[in-house]
Amino acid sequence: AVIRILDDNTKFGMEDTHRIKSDHEVLSRSEFKEIHVLRQLHDRAYKQLGTSGGGNHFVEFGLVEITACDLNSVKPGKYFSLLSHSGSRGLGANIARHFTKLASKNCPLPKQVQHLAWLDLSTHDGIEYWKAMNLAGDYARACHEDIHRRITKAIGSRVLCNINMVQAGCTAEMCVNLNSQNLL
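Residues numbered from 1 in each chain as written. Predicted model: local features only at pLDDT ≥ 70, side-chain atom pairs only at ≥ 80, totals over all residues. Heavy atoms only, no water.

## Some points on a positive patch on the surface
Where like charges cluster on the molecular surface, the positive patch consists of Arg44, Arg97, Lys101 and Lys105. If you tally residues by element for the positive patch, the top one is helix H4 (residues 90-106), at 3 residues. Structurally, Arg97 can be placed in helix H4. Overall, the relative accessible area of 45% leaves Arg97 in the partly exposed class. (Patch = residues over 30% accessible without salt bridge, like charges linked within 9 Å, V, L, I, M, F, W, Y side chains within 5 Å. Areas by Shrake-Rupley, 256 points an atom, 1.4 Å probe, with all protein chains shown as cover. Salt bridge = Lys/Arg side-chain N within 4 Å of Asp/Glu carboxyl O. Lys, Arg positive; Asp, Glu negative; His and termini not counted. Charge placed at Lys NZ, Arg CZ, Asp CG, Glu CD. Helix = DSSP H or I, 4+ residues; strand = E, 2+ residues; numbered from the N terminus. Buried < 20%, exposed > 50% of the residue type's maximum accessible area, 1.4 Å probe, protein only.)

## A closer look at the environment of Val2
Counting through the fold element by element, Val2 comes out in helix H1 (residues 2-9). Take Val2: its relative accessible area is 18%, and that puts it in the buried class. Residues Val2 and Phe61, 59 residues apart in the sequence, show an inter-C-alpha distance of 8.1 Å.

## A closer look at the environment of Val64
Here Val64 is to be found in strand E1 (residues 58-66). Given a relative accessible area of 26%, Val64 falls into the partly exposed group. Spatially, the C-alpha atom of Val64 lies 6.5 Å from that of Ser81, the residues being 17 residues apart in sequence.

Honestly, it's all geometry; don't read function into it.
Encoded structure:
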């Protein structure tokens, strides 16, 4: 049952998307209208919301034992949990590629170190880069939220605690107390 839930509610790779698309407030952000490169990526971001890329990305279940800490008042015990690792899909990579080209043009460096070019954050391009990359981080978080929402709904449970580590590309949610043994 667990493997089927994962198969039915996760999508991996560049082209695999959900048949029923989700919406998320991040897709309505003004940056998608204001920044040219983001306007070009919006439709793709919509289609890929709630999916994971390839490579080292994963979604899996596990058991977590909470001994003594304050995680949204979760009591000590063993919990069935969901862990996902993915990123901003192609959004962040395309943003980085676009602004790296701009930086290379605006920051002349010797050819062997041209890939280290930067944008001054007090310039128009620098500000757009900063806004776009922050949006990419928020989009990565939205993808995790959608993945976890779909799976939590499929197992008929509720989230007790969400540990979100976007910097590390990882989101974990404690979903179900162990009394749901029929899933194991």
